[in-house]
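Take a look at the letters that make up each chain.
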Amino acid sequence: MADLDPLPFYITTAISYPNGRPHIGHAYEAIAADVIARFQRLRGRAVRFQTGTDEHGLKMARKAEEQGRSPRDLADEMSGYFREMCDALNVSYDRFIRTSEPDHHRASQAIWQAMEASDDLYLDRYEGWYSVRDEAYYDESELVAGEGDEKLSPQGTPVEWTVEESWFFRLSKYQDYLLGLLRTPGFLEPASRRNEMIAFVEQGLRDLSVSRTSFDWGVKVPGSEAHVMYVWVDALTNYITGLGYPDDIPNGMSTFWPADLQLIGKDIVRFHSIYWPAFLESAGLQAPKKVFGHGFLLNRGQKESKSLGNVTDPLELSERFGVDALRYFLMREVAFGQDGSYSPEAIVLRTNAELANSFGNLAQRTLSMIVKNMDGRLEAFKPDSADDALLAIVKQACATELPRDFEALSFSTGIEAWLRAVYACNQYVDEQAPWALKKTDPERMKAVLQTLFVALRDLAIAIQPVVPQKSAALLDQLGIPADERAYAALKDHDWFGRLVASGFTVAPPTPLFPRLELPVDEAANA
Ligand code: ME8
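In this text, all values refer to a predicted model and were calculated from it rather than measured experimentally.

> Explain the domain arrangement of the protein chain to me, using residue names and the numbers behind them.
Assigned domains within the protein chain: domain 1 (9-294) and domain 2 (344-501). Using only C-alpha atoms to locate each centre, domain 1 and domain 2 end up separated by 43 Å. If you look at the interface, domain 1 gives eleven residues, while domain 2 gives 15 residues. Between domain 1 and domain 2, roughly 1200 Å² of surface is buried when both sides are summed, and carbon and sulfur atoms account for 71% of that area.

Given below as C-alpha cells:
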C-alpha cells in the first residue's frame, strides 16, 4: 500500500513591529513556535512555518520620523535584526515575511475586495480614541484613568482623539458567528483568554474603522487611493499571503489553510480571535483551527522597558549561555500560556542542574565508559529485569508522555516527564555501578552500558524539538542515521541490531552541555 501523504500542519507566529530591535518576548514566541514546528515534523507532519515583520502603520511611521528617516529605511534595518535573531536561535521558518513586500500588498488588496464584495465595507467618519502603541481603536468605556486627567488604553498606553474619514468593516454583523466560534472547544486557548473574548463580544460589537487618511505608510485601499488600510487588516493578512492568496498555488491555501495553530501573545488575542476570523468569514475563508495566546516573559518579574534599563538582547543571552540552553530554559521554566520570569542566574541554575549535570553528564559518562571499557564497540546483549525496567520508563516518557504533552502545548510538563527518565537513568548508573562490574562481571558491565546507550538514543530523539543542535550532536555520537531520528523510530525495535551489524564504534565523546558559570556580580544578587 502506498504511504499516506503526510498531514499538513501550518503554524504562524505574530509578525513583530520592527520599530526597534527584537527583545526577549520576541525570542520566546519564535522559539516556542519553532519547538512546535520541529515537533510536528518529527511526528511526520508536512509542516509550514511562517514568521516575519509587521512594517506598516502609524507606530512605524512616527518612529521613523523621530529618527529622521523613511519608514522603509527603518523597516529594512530592523527587520534584518529580527531575521538574524530567528536564524541565530535556529528557528526553522519556511518563510520570513515582510509586509512591505509586493505579494503582501496584492494579498491585502484581494482580501479587501473580497470583503467589499460581501458588502461589509462602507465609508463613514471615525471619531474616537486611538492608541498608536497598540495600533488599536478603543471605546471610551474601555479607557482607564492615567495621571491627572490623562486617559489610557486598557493596556496602559496613551490614546489620542482621532477624527478622520474612514472605511468601516461591518464587524457587528459577525457577532453571532464569532460567539459560536469562540465557544468552539479548542479554537482559542488558554481558557482564560476565551472567557475574556466571549465577554467582549457579548457586550456588543461596533463596526471597525479599517482605513486611515492622515498618513500613507501602508497598503493602498483599492479604488480609494487617499486611504491606506488600518495596519491590522494588512498585518493579519500576512498569514495567507505566505500561502499565495488569492491564487491557488501548489502547497498554498488549499493545502495549508485553515492554519493549525496561530501562536501569539496575550496582548493581541482580540485581533486574532475576533477581527481576523470576521475578516476571513467575510472574505469566504475559514477561521484558523486554533489561536493560542501565550503569556508574557518578565525580567526578574518586571516588564522590560527602556526607562527601567532592563531590556535584554536575546542574542546576547544565547551567546552567553548557548542557544540550546536558552531554548531549553524558556520552554521548561514557564508553564506555556502563563506569564514567566527569567534572569541570568535562573538560566544558569536550571540548565546546569538539568542539562549539564543530568542529561549531559549521563551521555558523557556512558559514552566514555563504552570507549574505555569496550573499545567503543557495541554487541548484542541480553537485558535483565533492571535493564528492562529502565528502558520501559524511558520509552514511556519519550514515546508517550512527552509527545502527548507537546501535542497539548504543555511543554514544561512534557520536558519534566523526559527529565524524570533522565533521572531514572542516573539512578540506574549509581545502582548498577558499571565501574565496579568491570572487574567482577565484565559481561554484566557491557549490558549495563549498552542499556544506557539505548536509553540515550530515545532521550536524544525525544528532546530534539527543544535542543536541536545538542541532540543532533548526541545522535551523531551514537551513530544514529539521519533518517532514523523521527518519532516513528521510537517504535523501531531493530535499530540496535542494525547498528551493531554496521560495525559502528563509539568515538571519545565531547561534553554536550558545559557547566555554566554564574557571573560574580549576579551571583551576589541571586
Ligand atoms: O503585536 N513576552 O507586534 P509586537 C512574551 N505587530 N511575548 C511578548 C512580549 C513579552 N514580554 N512582548 C511582546 C505586534 N510579545 C503586532 C502583531 S500579528 C498579525 C501583528 C509578543 O512586536 C506579542 O504578544 O509588539 C506578539 O505576539 C509578538 O511578541 C510581537 O509583538
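There's more to say after this.
> Before we move on, could you go through the pairing of strand β14 (residues 261-265) and cite the residues and values that matter?
Counting buried residues along β14, five of its five residues qualify, which places the element largely inside the surrounding structure. Burial along β14 is two-sided: the residues Leu261, Leu263 and Gly265 and Gln262 and Ile264 are all buried. The sheet contact formed by β14 and strand β15 (residues 291-294) spans four bridges and is parallel. Following the sheet pairing, Ile264 is matched in β15 by Gly293. Chirality of the crossover, the property in question, places the unit of β14, helix α9 (residues 269-282) and β15 among those that are right-handed.

> Describe the pattern of salt bridges, listing the residues and the values that go with them.
One pass over the structure, following the stated rule, counts 43 salt bridges. Measuring nitrogen to oxygen at the nearest pair gives 2.5 Å for the salt bridge that ties Glu345 to Arg300. Here the residue Glu345 occupies a position in helix α12 (residues 344-374), and Arg300 occupies one in the loop between β16 (297-299) and α10 (314-321), the gap between them amounting to 45 residues. When salt bridges with common partners are traced through the structure, they connect Arg332, Glu333, Arg350, Glu354, Glu401, Glu416 and Arg420 into a single cluster.

> How would you summarise the site of the ligand if you had to cite specific residues and measurements?
By nearness alone, 23 residues border the ligand, and Ile15, His26, Glu29, Asp54 and Asp267 come closest of all. Between the ligand and His26 there is a distance of 2.8 Å, counted from an oxygen atom to a side-chain nitrogen or oxygen. Asp267 places a side-chain nitrogen or oxygen 2.5 Å from an oxygen atom of the ligand. Considered on its own, the ligand offers 660 Å² of accessible surface; in the complex 92% of this is hidden by protein. In terms of residues, the shell around the ligand owes the most to one element, helix α7 (residues 231-241), which gives five residues. Grouping the amino acids of the shell around the ligand by side-chain chemistry returns eleven nonpolar, nine polar and three charged.

> Can you break down helix α2 (residues 58-66) residue by residue, with the values?
Residues of α2 that are buried: Leu58, Lys59, Met60, Ala61 and Ala64. Looking at the buried positions of α2, the neighbouring elements they touch are α3 (71-88), β4 (121-131) and β11 (211-212). Positive phi shows up at Gly68, right after α2, with a value of about 65°.

> Describe the side chain of Arg457, listing the residues and the values that go with them.
Note that Arg457 resides in helix α16 (residues 442-462). Only 2.9 Å separates the side chain of Arg457 from the backbone oxygen of Ala489, close enough to count as a polar contact. Ignoring any residue separated from it by four or fewer positions in sequence, one finds Arg457 in contact with Lys395, Leu475, Leu478, Ile480, Glu484, Ala489, Leu490 and Trp495.

> Give a detailed account of the sheet that holds strand β8 (residues 160-169), specifying residues and quantitative values.
Here four strands make up an open sheet; going across it, the order is β5-β4-β8-β10 and the pairing antiparallel. Each end of this open sheet is capped by a strand with a single partner; those strands are β5 (136-138) and β10 (208-209). Relative to β5, β4 is paired through three bridges, and the arrangement is antiparallel. Looking across to β5, one finds that Trp129 is bridged to Tyr138.

Conventions we followed
Residues numbered from 1 in each chain as written. Predicted model: local features only at pLDDT ≥ 70, side-chain atom pairs only at ≥ 80, totals over all residues. Heavy atoms only, no water. Domains from an automatic or database assignment. Contact = heavy atoms within 4.5 Å. Buried area = accessible area lost by both parts, 1.4 Å probe. Buried < 20%, exposed > 50% of the residue type's maximum accessible area, 1.4 Å probe, protein only. Helix = DSSP H or I, 4+ residues; strand = E, 2+ residues; numbered from the N terminus. Pairing = 2+ DSSP bridges. Right-handed = clockwise from strand over helix to strand, strands pointing away. Salt bridge = Lys/Arg side-chain N within 4 Å of Asp/Glu carboxyl O. Near = heavy atom within 4 Å. Polar contact = N/O pair within 3.5 Å; in protein donor to acceptor, adjacent residues only side chain to side chain. Areas by Shrake-Rupley, 256 points an atom, 1.4 Å probe, with all protein chains shown as cover. Nonpolar A, V, L, I, M, F, W, Y, C, P; charged D, E, K, R; others polar.

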